[in-house]
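# Observations on the model geometry
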Amino acid sequence: QVQLVESGGGLVQAGGSLRLSCAASGRTFSKCGMGWFRQAPGKEREFVAAISRSGGNTYYGDSVKGRFTISRDNAKNTVYLEMNSLKREDTAVYYCAAAYSSWLQVPDKFDYWGQGTQVTVSS
């Protein structure tokens, strides 16, 4: 069992930066690939970024490539999402998720989800 708690969301102006954190409880964090997804009102959940168990492989959605960076610290059971050059269209609830699967870009492959943190980008 893995419990995930996101933090770091908030209100930021366009062009600004935020860093989201996701703290995981449980002893299996290092056995899980981790991902970030987001969902804006009226839209489907969208893949943002993912990182493999060791951190050696990272994956990004097309809309955030070059602006967002995912990382993890297995010693701290934490995964991060550094978001730069934020745009209004990045406004959404951001969810952290953990997967035993290697398919890290598909929401259905994730086993555990956090409660989400709101990110609002103003113009």
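Above this text you will find the structure in question.
Presented here is a report on the structure given in the accompanying data block. Keep in mind the model is a prediction, meaning the values are calculated, not measured.

## Observations concerning the pattern of salt bridges
- Counted by the stated rule, this structure contains four salt bridges.
- Between D90 and R38 there is a salt bridge whose closest N-O contact spans 2.8 Å. Of this pair, D90 sits in the loop between strand 8 (78–83) and strand 9 (92–99) while R38 is found in strand 4 (residues 33–39), placing the two residues 52 residues apart along the sequence.
- With relative accessibility at 0%, the residue D90 sits in the buried group.
- Residue R38 is classed as buried on the basis of its relative accessible area, which comes to 5%.
- The network of salt bridges with common partners includes R38, E46, R67 and D90.

## Quick word on the pairing of strand 9
- Burial analysis of strand 9 places seven of its eight residues in the buried class, the great majority of the element.
- Alignment of strand 9 against strand 11 (residues 117–122), held across three bridges, turns out to be antiparallel. Counted as the bridge partner of V93 is Q118 from strand 11.
- Where strand 9 lies against strand 10 (residues 112–113), two bridges are found, and the strand directions are antiparallel. Counterpart to A97 in the pairing with strand 10 is W113.

## Some remarks on the sheet that holds strand 7 (residues 68–73)
- Strands sit in the order 1-3-8-7 across an open sheet of four strands; the sheet is antiparallel. Of all strands in the sheet, those with a lone pairing partner are strand 1 (3–7) and strand 7, marking the two edges. Put simply, the sheet's adjacent strands are angled 15 degrees from each other on average, direction ignored.
- Of the strand pairs in this sheet, strand 7 and strand 8 are connected by six bridges, and their pairing is antiparallel. In the sheet register, R72 faces strand 8, and the bridge partner there is V79.

## Quick word on unusual backbone geometry
- Positive phi values are uncommon outside glycine, yet N77 reaches one of about 55 degrees.
- In this fold, N77 is placed in the loop between strand 7 and strand 8.

## Section: the state of the cysteines
- Taken as a whole and judged by the stated rule, the model has one disulfide.
- Sulfur-sulfur distance for the disulfide between C22 and C96 comes to 2.1 Å. Disulfide C22 to C96: torsion about the S-S bond roughly -80 degrees, handedness left-handed. A residue pair is termed long-range when its members are at least 10 positions apart, and C22 in strand 3 (residues 18–25) and C96 in strand 9 qualify at 74 residues.
- Exposure remark for C22: the relative accessible area of 0% places this residue in the buried category.
- Of the cysteine sulfurs around C32, a residue in no disulfide, the closest is that of C96, at 10 Å.

## Some points on the nonpolar core
- Within the largest apolar cluster, 29 residues are counted, with the highest numbers of intra-cluster contacts made by L4, M34, W36, L81, M83 and Y94.
- In this view, L4 contacts C22, A23, A24, M34, C96, A97, A98, Y112, W113, G114 and Q115; residues no more than four positions away in its chain are not counted.
- Listed in part, the seven residues of the second largest apolar core include A50, A97, L104 and F110.

Calculation notes
Residues numbered from 1 in each chain as written. Predicted model: local features only at pLDDT ≥ 70, side-chain atom pairs only at ≥ 80, totals over all residues. Heavy atoms only, no water. Salt bridge = Lys/Arg side-chain N within 4 Å of Asp/Glu carboxyl O. Helix = DSSP H or I, 4+ residues; strand = E, 2+ residues; numbered from the N terminus. Buried < 20%, exposed > 50% of the residue type's maximum accessible area, 1.4 Å probe, protein only. Pairing = 2+ DSSP bridges. Axes fitted to C-alpha atoms, helices over the stretch in contact; angles between N-to-C directions. Disulfide = S-S within 2.5 Å. Core = buried A, V, L, I, M, F, W, Y, C linked by side-chain atoms within 4.5 Å. Contact = heavy atoms within 4.5 Å.

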